[in-house]
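Examination of the molecular architecture
Here is what each chain is made of, one letter per residue.
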Amino acid sequence: HSFPTRRSSDLKPPAKRSLPANDWKRRGRIFSVSCDGKEYYPRYQLDAVFQPLPIIGNILKAYGECADTWSIATWFQFPNSWIAKEVGSKAVPVAPKDALDRANDVIKAARSQKGTYVA
C-alpha cells in the first residue's frame, strides 16, 4: 500500500481549535485553564501540527485529579526539584514544561506532588 505523504507545510491547525481540544481534554490527553469565561490550552501540550503530545496524558494520569486546573498549570510552569539539569557542579531545578523530553523524570515528579500544595 502506498500512503500519500504530507509535508509539514500542508498541515494546519483546525479552523476551530476548541473542537478537538474539548474532546482531548475530556479524554485526559490535555488540560485547560479558565479565565474570564474562556478556556485556554497551554501550547506546550501540543506538537508542531497541533496534536496532543502523548506524554501530557501520562503526566496528567500520574498527577492525579485536581479540583482546580490552575494548580496543574502552575506545576508545569515552575521549576521542580524532582527534575534537574546539571549546570557546572550544581543541579538546577527545571520546569516540567521544559523537560517533556524526559518522560520518566517528569512522571516521577508528577507522582511526587500528590498530597502537596502548589502555590
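What counts and how
Residues numbered from 1 in each chain as written. Predicted model: local features only at pLDDT ≥ 70, side-chain atom pairs only at ≥ 80, totals over all residues. Heavy atoms only, no water. pLDDT = per-residue confidence, 0-100. Helix = DSSP H or I, 4+ residues; strand = E, 2+ residues; numbered from the N terminus. Contact = heavy atoms within 4.5 Å. Pairing = 2+ DSSP bridges. Axes fitted to C-alpha atoms, helices over the stretch in contact; angles between N-to-C directions. Parallel < 35°, antiparallel > 145°, perpendicular 65-115°, else oblique. Left-handed = near helix turned anticlockwise from the far one by under 90°. Nonpolar A, V, L, I, M, F, W, Y, C, P; charged D, E, K, R; others polar.

Moving on, we come to the confidence of the model for the protein chain. The predicted structure's coordinates, where accompanied by low pLDDT, should not be read in detail. Looking at the protein chain as a whole, its pLDDT mean stands at 85, while 80% of the residues score no less than 70. When pLDDT is averaged over each element of the protein chain, helix H2 (residues 54–63) comes out on top at 96 and helix H1 (residues 18–26) at the bottom at 85. Per-residue pLDDT stays below 50 along residues 1–9; that stretch engages in one contact with residues further than four places along the chain or on separate chains.

What follows is about the pairing of strand E4 (residues 90–94). Direction of pairing for strand E3 (residues 80–87) relative to E4: antiparallel, over a ladder of five bridges. Following the sheet pairing, Lys85 is matched in E4 by Val92. The turn linking E3 back onto E4 is made up of two residues, and Gly88 within it adopts a positive phi angle of 65°.

Before going further, it helps to examine the packing of H2 against helix H4 (residues 103–112). Taken N-terminus to C-terminus, the directions of H2 and H4 make an angle of 25°; their axes are 7 Å apart at the nearest point. Classified by the interaxial angle, the pair formed by H2 and H4 is roughly parallel. Note that H2 runs across H4; the crossing there is right-handed. Contacts between H2 and H4 involve Ile55, Asn58, Ile59, Ala62 and Tyr63 from the first element and Ala103, Val106, Ile107, Ala110 and Arg111 from the second. The class makeup of the residues in the contact of H2 with H4 is eight nonpolar, one polar and one charged.

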